[in-house]
Amino acid sequence: MADAPLIELELITPEATLLAATPELVVVPGSEGEFGVLRDHAPILSALRPGTVQVHATFDAEPECYFVTGGFSEAGPEHCLILADEAVPVADIDTAAADRAVADAEAALREAESGPDEAARERAEQALQVATARRAAAG
Amino acid sequence: MSSLKELRTRISSVRSTRKITQAMKMVAASKLRRAQERAERARPYAAGMEAMVARLAGTVAPEDAPPLLAGTGRNQVCLLLVITADRGLCGAFNSGVVRAARRKIAALAEDSIETKIFCVGRKGYDLLRRTHGQRIVGHRLLPPGRDLPFAEAEAVAAEILGLFTDDGFDTCTMHYNRIRSAMSQVVTETQVIPRTAPESDEPAAEPDAGALHEFEPGEDELLADLLPRNLAVQIHGAFLESAAGEQGARMTAMENATRNAGDMIGRLELSYNRQRQAAITKELIEIISGSEAL
């Protein structure tokens, strides 16, 4: 498909613009489930859960994957804007470090569960979710 | 009149001061470039976030809007977030922000609005502690090193939000230096709680009527997530602006100091040479009149 319709994708973190490209398909990990964005997508504003953004330059191409810890995404007919809290190319994730992060997060959660602080427990749970998702993304 | 030897030591000490200020100026110049780039890179995110919040804010009925957006409905306590540098030697950079904050406090006091202060950066805290110590509810140093990680802004935002949910204040304004150019900074006041649309040059061309958005999850949940995030983004933006401004101010201040040192060296050298000449003349006169007396 030489003249396949493209979408303007921007993947931005607070510190820098990580990616600006025009792929054919983007798969975004929305908080209510993954959704794919093609051209002429209905306007949507969605929160993100920790997961992988898959950028397909063409439909058949292997996706370029970015792990995001959370954030927000806005998609329209021609564009897709992803505001990620943190994002890294999946290839750059250190598997061993990700494993350690999961173990640490589990330990922190166990500690927080015995404690009285509700907010701390919630934070620990979120941290574990992020760590697990990062580990899963690393493959 | 100081002796020749004293003058010589003065000159050499001013010379080494000039070397230091010159080096500081050069360091500040290169740091300024990096800081400006960082501030530049952070802008797309802030702009995207602002657009999302604006879009969402438009869809929520005013009476359902969360307090972060619509305010608490009261205006009795105002929190001032004062952002300065940790270090001095940068001209009026810190004192300018502090002066603006003091003026604001005085103005609010006349309207019998109570004020609280949250300081970021050591200099502002040191200056305000003396005059408004009892109003300061918290302070924070900037992290060491060149980077200003977003996490730092998030931590400050979390503390402020904690105060807000505990009914600690009704409105919050941010006082910091915004860079106008490399050489000049303007002290800026921005209201962050309740949210105000930032004044931009282009009129908000956002509401493209046809684009009715689908929201996942619902508007309210999204807004509840977005608003604290937006606060952190605004604070982070202010941090970056302030960091770049600090380097710019230091560069200017050090350039002035270098120039002043040069002037001073010139003056000292003039008086040194005069004195030396006077001493020589005096000796000559003594020798001549001595030989004449023979």
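Calculation notes
- Residues numbered from 1 in each chain as written.
- Chains lettered and ligands numbered in written order.
- Predicted model: local features only at pLDDT ≥ 70, side-chain atom pairs only at ≥ 80, totals over all residues.
- Heavy atoms only, no water.
- Helix = DSSP H or I, 4+ residues; strand = E, 2+ residues; numbered from the N terminus.
- Buried < 20%, exposed > 50% of the residue type's maximum accessible area, 1.4 Å probe, protein only.
- Contact = heavy atoms within 4.5 Å.
- Lys, Arg positive; Asp, Glu negative; His and termini not counted.
- Charge placed at Lys NZ, Arg CZ, Asp CG, Glu CD.
- Rg over C-alpha atoms; globule rule 2.2 N^0.38 Å.
- Areas by Shrake-Rupley, 256 points an atom, 1.4 Å probe, with all protein chains shown as cover.
- Core = buried A, V, L, I, M, F, W, Y, C linked by side-chain atoms within 4.5 Å.
- Salt bridge = Lys/Arg side-chain N within 4 Å of Asp/Glu carboxyl O.
- Buried area = accessible area lost by both parts, 1.4 Å probe.
- Pairing = 2+ DSSP bridges.
- Axes fitted to C-alpha atoms, helices over the stretch in contact; angles between N-to-C directions.
- Patch = residues over 30% accessible without salt bridge, like charges linked within 9 Å, V, L, I, M, F, W, Y side chains within 5 Å.
- Phe/Tyr/Trp six-rings, centres within 6.5 Å; stacked < 30°, edge-to-face > 60°.

Participant: Break down the overall build of chain A for me, with residues and values.
Facilitator: Looking only at helices and strands, chain A has two helices and 10 strands in total. Reading chain A from its N end, one meets helices and strands in the order β-β-β-β-β-β-β-β-β-β-α-α. Classification of the 139 residues of chain A by burial places 44% in the buried group. Summarising the internal contacts of chain A: among those between residues at least 6 apart in sequence, 48% fall at separations of at least 24. Within chain A, the 26 negative side-chain charges are centred at a point lying 9 Å from the centre of the 8 positive side-chain charges.

Participant: Can you tell me about the overall build of chain B, naming the residues and giving the values?
Facilitator: Along its length, chain B carries six helices and six strands. Relative to a compact globule of 294 residues, whose C-alpha radius of gyration would be 19 Å, chain B shows 28 Å and is clearly more extended. Counting the 294 residues in chain B, one finds 42% classified as buried. Counted over contacts in chain B with a minimum sequence separation of 6, partners at least 24 positions apart contribute 76%. Taken as a whole, chain B presents about 15,800 Å² of accessible surface, with 53% of it coming from carbon and sulfur. Averaging the coordinates of the 38 positive side-chain charges in chain B and doing the same for the 38 negative ones gives two points 15 Å apart.

Participant: Summarise the nonpolar core; cite the residues concerned and give the values.
Facilitator: Residues B:Leu81, B:Ile160, B:Ile193 and B:Ile235 are the most contacted members of the largest nonpolar core, which totals 52 residues. A total of 12 residues in this core trace back to one element, the largest contributor, which is helix 6 (residues 219–293) of chain B. Those residues in contact with B:Ile160 that lie beyond four places of it in its chain are B:Leu79, B:Leu81, B:Phe169, B:Ile193, B:Leu231 and B:Ile235. Core analysis: the next-biggest nonpolar cluster, separate from the first, contains 19 residues, A:Leu19, A:Ile44, A:Cys80 and A:Ile82 among them.

Participant: I'd like to hear about the pattern of salt bridges, residue by residue, with values.
Facilitator: If you walk through the whole model with that rule in mind, you get 15 salt bridges over all chains. The salt bridge involving A:Asp85 is made with B:Arg229; its shortest N-O contact spans 3.0 Å. With one member in each of two chains, A:Asp85 in the loop between strand 9 (79–84) and strand 10 (87–89) and B:Arg229 in helix 6 form a pair that bridges those chains. The network of salt bridges with shared partners includes A:Asp85, B:Glu154 and B:Arg229.

Participant: Please set out the interface of chain B and chain A residue by residue, giving values where relevant.
Facilitator: Tallying the contact residues gives 24 residues for chain B and 22 residues for chain A. Contact between chain B and chain A buries roughly 2,000 Å² in total, counting both sides, with carbon and sulfur atoms accounting for 67%. In terms of surface lost to chain A, no three residues of chain B exceed B:Tyr45, B:Met52 and B:Glu216, which account for 35% of the buried area on that side. We note a salt bridge from B:Arg55 to A:Glu74, for which the minimum N-O separation is 2.0 Å. Contributing elements (two or more residues each) for the side of chain B that touches chain A: helix 1 (4–59), strand 6 (214–216) and helix 6 of chain B.

Participant: Which residues make up the sheet that holds strand 1 (residues 77–83) of chain B, and what are the values?
Facilitator: Residues and elements named next belong to chain B. Read from one edge of the open sheet, five strands run 3-2-1-4-5, paired in mixed fashion. Looking at strand neighbours, the two that pair on one side only are strand 3 (136–140) and strand 5 (185–193), the edges of this open sheet. Within this sheet the neighbouring strands show an average axis-to-axis angle of 20°, counted without direction. Summarising the sheet, strand 1 and strand 2 (residues 114–120) pair through seven bridges and their orientation is parallel. Looking at strand 2, one finds that Leu80 is bridged to Ile117.

Participant: I'd like a description of a negative patch on the surface, backed by residues and values.
Facilitator: Together, A:Glu32, B:Glu63, B:Asp64, B:Asp220, B:Glu221 and B:Asp225 line one region of the surface with negative charge. Mapped onto the elements, B:Glu63 comes out in the loop between helix 1 and helix 2 (67–70).

Participant: A description of the packing of aromatic side chains should follow, citing residues and the corresponding values.
Facilitator: Residues and elements named next belong to chain B. Tallied over the entire structure, the rule returns two aromatic pairs over all chains. Seen from their ring centres, Tyr45 and Phe150 are 6.5 Å apart, and the 65° between their planes marks the pair as edge-to-face. Linking Tyr45 in helix 1 with Phe150 in helix 5 (residues 150–165), this pair joins segments that are 105 residues apart in sequence. Of the two residues, Tyr45 and Phe150, neither departs from the other in class, the shared state being buried. Judged by centre distance (5.3 Å) and plane angle (50°), the ring pair of Phe164 and Phe169 falls under tilted. With relative accessibility at 1%, the residue Phe169 sits in the buried group.

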